[in-house]
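Remarks on the overall topology
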Amino acid sequence: MNPSTAYYVIVVGGGHAGCEAALASARLGISTLLLTMDLSTIALMPCNPSIGGPGKGHLVREIGALGGEMARAIDETALQIKWLNTSKGPAVQARRAQADKGRYRHRLFEALFATPNLTVRQGHVTELLAGNDRVRGVRLETGVEFECERVIIATGTYLEGRIIVGRNSRPGGPHNTRAAIGLSDSLRAHGIPLRRLQTATPPRINRKALDLAQLRELPGDPEAGGFLWENRSRRMENQTSCLLTFTTEATIEAVRAHLKDSPLVLENITNVGPKHCPSIDRKVLKFPHQTRHQIFIEPEGADTPEMYLQGLTTSMPPEAQRAILRTVPGLEHVEIMRYGYAIEYDALAPLSIHKTMASRYLNGLYTAGQINGTSGYEEAAAQGLIAGINAALSVMGRPPCLPSRTQGYIGVLIDDLSGWDHPEPYRITPAHAEFRLNLREETAEARLSELGFACGLVSPERRTAIAAWLGRINAEEKRLINRSVSPTPALRERLSAGGTGDLKKQVNAFEILQRPGIQYGDLRELLGDGFIPALDASDEIAFLENEAHYRGYANRERESMAQTLLLESVTLPRNISSTLIATLSPGTIALVSGKKYDDLAQPARKNCISKADLAILLSSFSSRQG
């Protein structure tokens, strides 16, 4: 091996997945090379200028809990941050931040170049080198070769990318950058199946041409804290506001007038795109009678007048985009700085990866981000983190890091992706997490920081600080449980007056806190001067209150979580004994001995195995393991 061209891990792509993968691998002490086609586009945000939201915000908090970079980076570069779904339960509440795109990119750039064991180079990878069914390196378009033991491909939407605007189509990547040409052919040559997906982005407009009097201001929340645990209770002043407007009947008529030039109608683009953020032309095609659609106008940075039109994605021709935008209240004199466009690109076919993010087709190959058929910066970063950790652990001969879907949204994401066989790109939402009450945002460190420490990305000092924080909350819960409360006339009167009902028997103080409408701050008045609250931090109090108010629901979830953990412990494929063959259905035998699933929980969750066969399998495998 040539020391100047040999690394243990090579990461291809400098987007959100590639950055997290490279940082994780290098921070675990592994010699890592990050190759990107253009150094100036590292951590580029080619679409929306925001990070977080329901499901996605959970991922970002968990990335921080495991020792990843995205949470810290967005906290340091956010223009605005706020809580969403505050009128709903804690399971679906999440932070969302408006990013300063330029500062965020620069922040990741600095982190990469400051990390030991990590080399960053500009280079266009056109070929994956392999031998004996295992990767051995990559080749650039210049002919330069780099050797390695593991390759992580995180190419986003660049693989054989084509930019499409109306009837026009040309090779290209996000923000009119180069497409990654050649690597797709190399992947196919190694037996890795691909498919075509598409995504689109809205036009960017000049803030100076907006009629602010017609727009509703959407300020941030100074008390929203940050995604990183250390920033959870910080106060953020001087936030930049977003703006809100709506489409009108005139807008819909303008869209209809230009539908003949929509790529969706022209069929010069694949129809397989993100389900959760449809273009304005797709909205009109699918919901022709709906005329009022929200348009969020979001700043792209502190030093640019560019504004992003969330809700007005389109790849129709420029003249169509101008006509449509000028019908929107507040945008009558709009100045378009960048027109919207669509990108069609190569991605892996479904069922191509294991839960480790390793390929099912080629040893030593890992993939992360939109190449795996996802959408969103947060999903990409989470995958990159797990891919980087597992590639490094594999080099060291250590067991992989596999967060369970009972542990976090990251576990849900990688579990779903390894078995995702739907045509559209995957986007995480709370609906994907069946244990979302236990996986609420505030519990991320309790669930995942120990795993981050075990992997090597969470420092002993941080682990100790988080443990002390959790210890204070748990100690107060135990103190409340151990404090008996008698139904005195005064207490009964206070409870009845507060609308929480009477108290007819002795209970503990935690049971009082569990009552609807009772908050931790009420306990001193209810229990008398003898009770002195031990918690004063707002985040600790909120954590304790949620634990109390939702304890019954959370406990029922935990019963199902235990079943899922048991099924996840049975890894696949498995050899089937002659005795089992005689008792199981042919379909179950094929699933358990095949390579489609990583563990028994995956086919069981999809109802691919009957309850009778599942009981037989669990009995057999449990007795063998015992």
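It should be noted that the structure appears before, not after, this text.
The structure contained in this document is the topic of the report that follows. The structure displayed is predicted, hence computed values, not measured ones.

Rules and cut-offs
- Residues numbered from 1 in each chain as written.
- Predicted model: local features only at pLDDT ≥ 70, side-chain atom pairs only at ≥ 80, totals over all residues.
- Heavy atoms only, no water.
- Phe/Tyr/Trp six-rings, centres within 6.5 Å; stacked < 30°, edge-to-face > 60°.
- Helix = DSSP H or I, 4+ residues; strand = E, 2+ residues; numbered from the N terminus.
- Buried < 20%, exposed > 50% of the residue type's maximum accessible area, 1.4 Å probe, protein only.
- Salt bridge = Lys/Arg side-chain N within 4 Å of Asp/Glu carboxyl O.
- Expected span 1.5 Å × (residues − 1).
- Contact = heavy atoms within 4.5 Å.
- Pairing = 2+ DSSP bridges.
- Axes fitted to C-alpha atoms, helices over the stretch in contact; angles between N-to-C directions.

Remarks on the packing of aromatic side chains
Counting across every chain of the model gives five aromatic pairs. Considering the side-chain rings of Tyr-7 and Phe-146, the 6.4 Å spacing of their centres and the 50° angle between planes classify their relative orientation as tilted. Of this pair, Tyr-7 sits in the segment before strand E1 (9-12) while Phe-146 sits in strand E9 (residues 145-147), and the two are 139 residues apart along the sequence. Geometrically, the ring pair formed by Phe-109 and Phe-113 is tilted, given 4.6 Å between the ring centres and 40° between the ring planes. Pair noted here: Phe-109 and Phe-113 are both in helix H4 (residues 101-113), with a separation of four residues, about one helical turn. Residue Phe-109 is classed as partly exposed on the basis of its relative accessible area of 29%.

So, the pattern of salt bridges
Scanning the model with the defined rule gives 44 salt bridges in all. In this structure, the salt-bridge partner of Glu-379 is Lys-56, at a minimum N-O distance of 2.8 Å. Placement of Glu-379 in helix H10 (residues 377-396) and of Lys-56 in helix H2 (residues 56-66) is noted, with a sequence separation of 323 residues between them. Its relative accessible area of 0% is what places Glu-379 among the buried residues. With a relative accessible area of 9%, Lys-56 lands in the buried category. The residue Arg-405 makes a salt bridge to Asp-415 at a minimum N-O spacing of 2.7 Å. Here Arg-405 is found in the loop between H10 and helix H11 (409-418), whereas its partner Asp-415 is found in helix H11, with ten residues between them in sequence. Asp-415 matches Arg-405 in its accessibility class, with the two residues each being buried. It is possible to trace a salt-bridge network through shared partners that takes in Lys-355, Arg-405, Asp-415, Asp-416, Glu-434, Asp-599 and Arg-605.

Observations regarding helix H12 (residues 444-455)
In this model, H12 (twelve residues) spans 16 Å end to end at C-alpha, consistent with the 16 Å of a helix rising 1.5 Å per residue. Among the residues of H12, Ala-444, Glu-445, Arg-447, Leu-448, Ser-449, Gly-452 and Cys-455 are the ones counted as buried. Against the buried residues of H12 lie H2, H10 and helix H13 (460-482). Directly beyond the C-terminal end of H12, a positive phi value near 110° is found at Gly-456.

Focus on the environment of Ala-465
Among the secondary structure elements, Ala-465 is positioned in helix H13. On a C-alpha basis, the gap between Ala-465 and Glu-230 in space is 9.5 Å, while along the polypeptide they are 235 residues apart.

What to know about the sheet that holds strand E12 (residues 168-171)
The pairing of strands in a sheet happens through backbone hydrogen bonds and is either parallel or antiparallel. The antiparallel open sheet is built from four strands, whose spatial order is E12-E11-E20-E13. Of all the strands in the sheet, the pair left with one neighbour each is E12 and strand E13 (194-201). When the angles between neighbouring strand axes are averaged without regard to direction, this sheet yields 25°. Pairing analysis gives four bridges linking strand E11 (residues 162-165) to E12, with the strands arranged antiparallel. For Arg-162, the partnering residue across the bridge sits in E12 and is Pro-171.

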